[in-house]
Amino acid sequence: MLTSPDKPRSSASIAVEKLRALIFSGELGAGTDHLESELADTLGMSRTPVREAVVTLESQGLLDVRPRKGVRIRPMSASDMAEIYDVLTELESLAAENAARKNYSDQELSKLADAIDQMDVALKTDSREIWAQADELFHRELVRLGGNSRVQSIVGMMSDQVRRARLVTLYMRPAPVKSNEDHRGVLNAIREGDADRARRIHREHRANAKVILLDLLRRHHLNNL
């Protein structure tokens, strides 16, 4: 059954969105403990949707629900990031390979191309937050084009877990010019149906991103986020 696009969102989904924003902004800091009643007061909501939301966020790896003690915002260490990036690298590279085998039209690849254009514009004005949003759009769309729903689900969860680290280090890293070049290389390989090249370029891209992120976390002693 198709869901009406005008169907109102549930209170639980709104609570998930608001709590995610508080976690990514650092207002709910890594390693901090919170009662459900406290979170409900913060959001101005009843405890029932908040309880549902924290269960969802636990499944996404953002917090831990502790019986009779509330929730703890899950910290992410450099070693956690290394493991997560290894998974992202393999799954996203598989998605790039699969997308290149599907003979997509330029219209079907337009969101991927638009994301790269947005990143190019953001770099010219050094708008790192806008660049990061466009970068997330590129990776999300790439995985969707790969056509594997399980890969989408796993990558979505993993991406949520590294977002805090990327935001913290956004202005510490050099301008991500090479990243944009890599994205365009992946897009061109998909357009040309070159699955091996699409996989190789994206794999190298993610591996380089991992090295940059981990180096920043260690140099700036950001051991837990």
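The sections below set out a description of the structure shown in this document. Just so it is clear, the model here is predicted, and its values are computed rather than measured.

What follows deals with helix α7 (residues 149-168). Between its first and last C-alpha atoms α7 spans 30 Å; for 20 residues at 1.5 Å apiece the expected length is 28 Å, and the two agree. Restricting attention to buried positions, one finds in α7 the residues V151, V155, M158, S159, D160, Q161, V162, R163, R164, A165 and R166. For α7, the N-terminal cap is N148; the gap from its side-chain oxygen to the backbone nitrogen of R150 is 3.0 Å.

Before going further, it helps to spend a moment on the side chain of H34. Within the secondary structure, H34 sits in strand β1 (residues 33-34). Its relative accessible area of 9% is what places H34 among the buried residues. Here E38 takes part through its side chain, which lies 2.8 Å from a polar atom of the side chain of H34. Residues within four places of H34 in sequence aside, it is in contact with L28, L39, K69, G70, V71 and I73.

Another point: the nonpolar core. One recurring pattern in soluble globular proteins is that nonpolar side chains are buried together. One finds L109, L112, F138, L142, V186 and I190 to be the most contacted residues of the largest nonpolar core, which totals 25 residues. For this core, the elements supplying multiple residues, two or more each, are α4 (78-100), α5 (110-124), α6 (128-146), α8 (177-191) and α9 (195-219). Other than its neighbours up to four places away in sequence, F138 contacts L112, A115, I116, M119, H183 and V186. Within the second largest apolar cluster, 20 residues are counted, among which are L88, V155, A209 and L214.

A word on unusual backbone geometry. A positive phi is found at R68, a non-glycine position, where the angle reads about 65°. With respect to the secondary-structure elements, R68 resides in the loop between β2 (63-66) and β3 (70-73). When its relative accessible area of 83% is taken as the criterion, R68 is described as exposed. Residues other than glycine seldom take positive phi values, yet N103 does so here, at roughly 55°. In this structure, N103 sits in the loop between α4 and α5.

This part is about the sheet that holds β2. In spatial order, the strands read β1-β3-β2; together these 3 strands make up an open sheet with antiparallel pairing. Edge positions in the sheet fall to β1 and β2, since each of these pairs with one other strand and no more. The sheet contact formed by β1 and β3 spans 2 bridges and is antiparallel. Its bridge partner lying in β3, D33 is registered against R72.

We now examine the pairing of β2. Bridge analysis of β2 against β3 gives 4 bridges, and the strand direction is antiparallel. Residue pairing for β3: L63 is matched across the bridge by I73. Taking the residues between adjacent antiparallel strands as the criterion, β2 and β3 are bridged by 3 residues, where R68 takes a positive phi near 65°.

In the structure shown here, the tally under the stated rule is 22 salt bridges. Residue D64 pairs with R74 through a salt bridge whose shortest N-O separation is 2.4 Å. One end of the pair, D64, is in strand β2; the other, R74, is in the loop between β3 and α4, and 10 residues separate them in sequence. A residue is classified by how much of its surface remains accessible, and R74, at 25% relative accessible area, is partly exposed. Beyond isolated ion pairs, a larger network of salt bridges with shared partners links E90, E97, R101, R199 and R203.

What counts and how
Residues numbered from 1 in each chain as written. Predicted model: local features only at pLDDT ≥ 70, side-chain atom pairs only at ≥ 80, totals over all residues. Heavy atoms only, no water. Helix = DSSP H or I, 4+ residues; strand = E, 2+ residues; numbered from the N terminus. Expected span 1.5 Å × (residues − 1). Buried < 20%, exposed > 50% of the residue type's maximum accessible area, 1.4 Å probe, protein only. Polar contact = N/O pair within 3.5 Å; in protein donor to acceptor, adjacent residues only side chain to side chain. Contact = heavy atoms within 4.5 Å. Core = buried A, V, L, I, M, F, W, Y, C linked by side-chain atoms within 4.5 Å. Pairing = 2+ DSSP bridges. Salt bridge = Lys/Arg side-chain N within 4 Å of Asp/Glu carboxyl O.

Read these as layout, nothing more, since geometry by itself doesn't imply function.
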